[in-house]
Amino acid sequence: MIFSFGKKKADTAGQVDFSHLPRHIAIILDGNGRWAKRRGLPRTAGHKVGAETFRTIATYCRDIGIDYLTVYAFSTENWKRPQEEVDTIMALLKRYLLEAIETMERDNVRLRFMGDMTPLSGELKALVDRCNAISERLTGCLCSICINYGGRAELVHAASRFAEDCRVGLVKPDDLTEDMLAGYLYSAGIPDPDLLIRPGGELRLSNFLLWQCAYSEFYTTDVLWPEFTKEELHRAIASYQRRSRRYGGLREGTT
Ligand code: FPP
């Protein structure tokens, strides 16, 4: 397989300072379909290779000491795709969860699932529950997989849980703060992503982590997800490390 990385000139842009890594990386897994089409393959072939790429990158993130990895695997809108494609993605998720159940304890990797799991098959929901139960005993890198996830739906879900807590008298409407609302999101307890990576060349958020990415640094690349490599991850991290994060304030020393 020819990676587009191999065609680029060697550069220093991918040099990473491993002592100052982003704590939380979020990735929109995009470009699987185009990767397949360009090779005359069905879109499902792109998802199969995309799932392998996810394994490689998730393992590498754990190895270099990234504390949190969050990936957008299936959105609330992806149900509109042909049934065969949806079935393939669900089968890939099932395979990944079955493998994870065998390995996560040994590797000390926690898995978390963000999104509304209600429409998933009973089998997949049972695997999600098993992964959650194992994760509770572990302390290592937390990999969150967004399935049937939408940022707006997450906010509606959080608002409705808050409203219910108000109704039963646990909290009062006036108590609401940003921190409290964050505690009602699927991502409760996880720091916001420092770096958001979008392969596949699109320059949009696509309803991903709308609340959490308020101050995330954005990195996009034309490289399609199935051909995303550790070197491309290095480029993204190196780009992040060259940024000056000001959170709406001024650069240190600026008057
Ligand atoms: C977007 O590419 C990708 C998806 C909708 C599915 C991603 C799912 C996987 C990689 C498989 C399972 C995941 C895990 C975490 C094991 P696209 O099809 O929209 O690409 P295109 O823009 O080129 O059409």
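Details of the structure are given in the entry above.
The rules behind the values
Residues numbered from 1 in each chain as written. Predicted model: local features only at pLDDT ≥ 70, side-chain atom pairs only at ≥ 80, totals over all residues. Heavy atoms only, no water. Helix = DSSP H or I, 4+ residues; strand = E, 2+ residues; numbered from the N terminus. Contact = heavy atoms within 4.5 Å. Pairing = 2+ DSSP bridges. Axes fitted to C-alpha atoms, helices over the stretch in contact; angles between N-to-C directions. Near = heavy atom within 4 Å. Polar contact = N/O pair within 3.5 Å; in protein donor to acceptor, adjacent residues only side chain to side chain. Areas by Shrake-Rupley, 256 points an atom, 1.4 Å probe, with all protein chains shown as cover. Nonpolar A, V, L, I, M, F, W, Y, C, P; charged D, E, K, R; others polar. Buried < 20%, exposed > 50% of the residue type's maximum accessible area, 1.4 Å probe, protein only. Right-handed = clockwise from strand over helix to strand, strands pointing away. Parallel < 35°, antiparallel > 145°, perpendicular 65-115°, else oblique. Left-handed = near helix turned anticlockwise from the far one by under 90°.

A short note on the environment of L224
Step number 1: Tracing the chain through its elements places L224 in the loop between β6 (217-220) and α8 (230-241).
Step number 2: Between the C-alpha atoms of L224 and D30, which are 194 residues apart in sequence, the distance is 6.6 Å.
Step number 3: When residues no more than four places from it in sequence are discounted, the contact partners of L224 are D30, G31, R34, W35, R38, P199 and G200.

Description of the sheet that holds β6
Step number 1: One open sheet holds the 6 strands; their spatial order is β3-β4-β2-β1-β5-β6, and the pairing between them is parallel. Edge positions in the open sheet fall to β3 (110-114) and β6, since each of these has one partner strand only. Averaged over all pairs of adjacent strands, the angle between strand axes in this sheet comes to 20°, irrespective of strand direction.
Step number 2: As judged from the 5 bridges shared by strand β1 (residues 24-28) and strand β2 (residues 68-75), these two strands associate in the parallel manner. When the bridges of β2 are listed, I27 appears paired with V71.

Overview of the site of the ligand
Step number 1: The full set close to the ligand counts 18 residues, and L29, D30, R34, R43 and R81 are the nearest of them.
Step number 2: A distance of 3.1 Å separates an oxygen atom of the ligand from a polar atom in the backbone of G33.
Step number 3: Within the contact set of the ligand, an oxygen atom lies 2.7 Å away from a backbone nitrogen or oxygen of R34.
Step number 4: Burial of the ligand by the protein chains amounts to 92% of its free accessible area of 630 Å².
Step number 5: Going through the elements one at a time, α2 (32-38), α3 (43-64) and α4 (83-107) are the ones with two or more residues in the shell around the ligand.
Step number 6: Here the residues of the shell around the ligand are counted per class, giving 8 nonpolar, 6 polar and 4 charged.

Quick look at the environment of E123
Step number 1: Relative to the helices and strands, E123 resides in helix α5 (residues 122-136).
Step number 2: The exposure class assigned to E123 is partly exposed, which follows from its relative accessible area of 46%.
Step number 3: For the pair formed by E123 and K94, sequence separation is 29 residues and the distance between their alpha carbons is 8.4 Å.

Observations regarding the pairing of β3
Step number 1: As judged from the 5 bridges shared by β3 and strand β4 (residues 142-149), these two strands associate in the parallel manner. Within β4, the position partnered with R110 by the bridge is L142.
Step number 2: The parallel pair β3 and β4 is bridged by α5, and the resulting crossover is left-handed.

Overview of the packing of α4 against α5
Helices that pack against each other are described as a pair by the angle of their axes relative to one another and the distance between those axes.
Step number 1: Across the interface, α4 lies against α5 with an axial gap of 10 Å and an inter-helix angle of 25°. Judged by the inter-axis angle, α4 sits roughly parallel to α5. Taken as a pair, α4 and α5 cross one another with a handedness that is left-handed. Facing α4, whose interface residues are M90, L93, K94, L97, L98, I101, M104 and E105, α5 presents E123, L124, L127, V128, R130, C131, I134 and S135.

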